[in-house]
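So the chains spell out like this:
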Amino acid sequence: MDEPIENAYFNWLCAKIIYNTHPTPSLTFWNLFTILHKTEFVWLLSGDDNRAEDGLELREEFILETNVPDDPEWRVGTVVGCSMFEMLIAFSRRAEFMTDISYLSWFWEFLENLGLKELNDGADISHEGVTEVLDRFIWRTYDVNGRGGMLPLDRPKHDQREIQIWYQFCEYLVDQDRLV
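Cut-offs applied
Note that residues are indexed from 1 along each chain, following the sequence as it is written. Local features in this predicted model are restricted to residues whose pLDDT is 70 or higher, and side-chain atom pairs enter the listing and the counts only when it is 80 or higher, whereas totals over whole chains, interfaces and linings include all residues. Each side-chain value is derived from all of the structure's non-hydrogen atoms; neither hydrogens nor water enter the calculation. Secondary structure elements follow DSSP: runs of H or I no shorter than four residues count as helices, runs of E no shorter than two count as strands, and numbering proceeds from the N terminus. Here the radius of gyration uses the C-alpha set of atoms, whereas the globule reference equals 2.2 Å times the residue count to the power 0.38. Using a 1.4 Å probe on the protein chains alone, a residue whose accessible area is under 20% of its type maximum counts as buried, one over 50% counts as exposed, and one in between counts as partly exposed. The contact definition used throughout considers only heavy atoms, calling two residues in contact when any of these lie within 4.5 Å. Aromatic pairs are defined between Phe, Tyr and Trp rings, using the six-membered ring for Trp, whenever the two ring centres lie within 6.5 Å; interplanar angles under 30 degrees are classed as stacked, those over 60 as edge-to-face, and all others as tilted. pLDDT is defined as a per-residue confidence score from the predictor, taking values between 0 and 100. Under this definition, polar contacts are N or O atom pairs within 3.5 Å; protein pairs additionally need one hydrogen-donor-capable and one acceptor-capable atom, and for neighbouring residues in sequence, both atoms have to be side-chain atoms.

Things to note about the overall build of the protein
- Summing up its helical and strand segments, the protein has eight helices and zero strands in all.
- The helix and strand sequence of the protein, counted from the amino end, reads α-α-α-α-α-α-α-α.
- Against the 2.2 N^0.38 benchmark of 16 Å for 180 residues, the protein shows a C-alpha radius of gyration of 16 Å, consistent with a compact globule.
- Along the first, second and third principal axes, the C-alpha atoms of the protein reach 50 × 35 × 35 Å.
- Of all 180 residues assigned to the protein, the portion counted as buried reaches 46%.
- Relative to all contacts within the protein whose residues are 6 or more apart in sequence, the contacts with residues 24 or more apart total 61%.

Okay, here's the thing in structure tokens:
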């Protein structure tokens, strides 16, 4: 492989979640995906470390699928931790497992809930604006009902800032009447 592993991996991740029915340059999301991939997912609550581990498992899948030489320090996150991009993709896959909704649909719904879905490469994307949204999610400064985060609720039973992402998702499914 001639390109650095991180570049090949980023392109591999992008290929997993491209949801574009109109292949025009203005509807690609490379700039947003780049910011997501360069932003480390930091977990604050016990249990959210599982979200980081799920994201890092994508690296192992990449190595197995593409037959690139393994770099154990990169793969396990010693050098570079789990990115927001990895966490979102991996969590979308978990969401698919719990519902009859595809991981692609979940990924884009999570981006929409965060207010990032419209930030394609044709949009006036602000790195600072995206970073502000991601910081609000990572550091849990969104509203008690999850507004401003990935899983906003209409009828919250708990302060969403104080429960791990997996339980937020479970409440989101109930709140949105989306249990199968």
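Thoughts on the packing of aromatic side chains
- For the coordinates displayed, the defined rule picks out 21 aromatic pairs.
- Consider the rings of F10 and W30, whose centres lie 6.2 Å apart with planes at 55 degrees: the pair is tilted. In this pair, F10 is assigned in helix α1 (residues 5-17) and W30 in helix α2 (residues 30-38), connecting sequence segments 20 residues apart.
- We classify W30 as partly exposed; its relative accessible area is 36%.
- For the ring pair F91 and W166, a centre distance of 6.0 Å and an interplane angle of 80 degrees mean the geometry is edge-to-face. Highlighted residues: F91 in helix α5 (residues 84-98) and W166 in helix α8 (residues 165-175), separated in sequence by 75 residues. Here F91 and W166 have matching classes, each one buried.
- What links up through ring pairs into an aromatic cluster is the set F10, F29, W30, F33, F85, F107 and W108.

Observations regarding the confidence of the model for the protein
- Here the protein averages 88 in pLDDT, and 92% of its residues register 70 or above.
- Model confidence for the protein, summarised as mean pLDDT per element, is weakest for helix α4 (residues 72-75) at 78 and strongest for α5 at 96.

Here's the deal with the side chain of S92
- As for its placement among the helices and strands, S92 is situated in helix α5.
- Residue S92 is classed as buried on the basis of its relative accessible area, which comes to 0%.
- Within the structure, S92 has its side chain in polar contact with the backbone nitrogen of F107 (distance 3.2 Å).
- In contact with S92, not counting residues within four places along its chain, are Y103, W106, F107 and F110.

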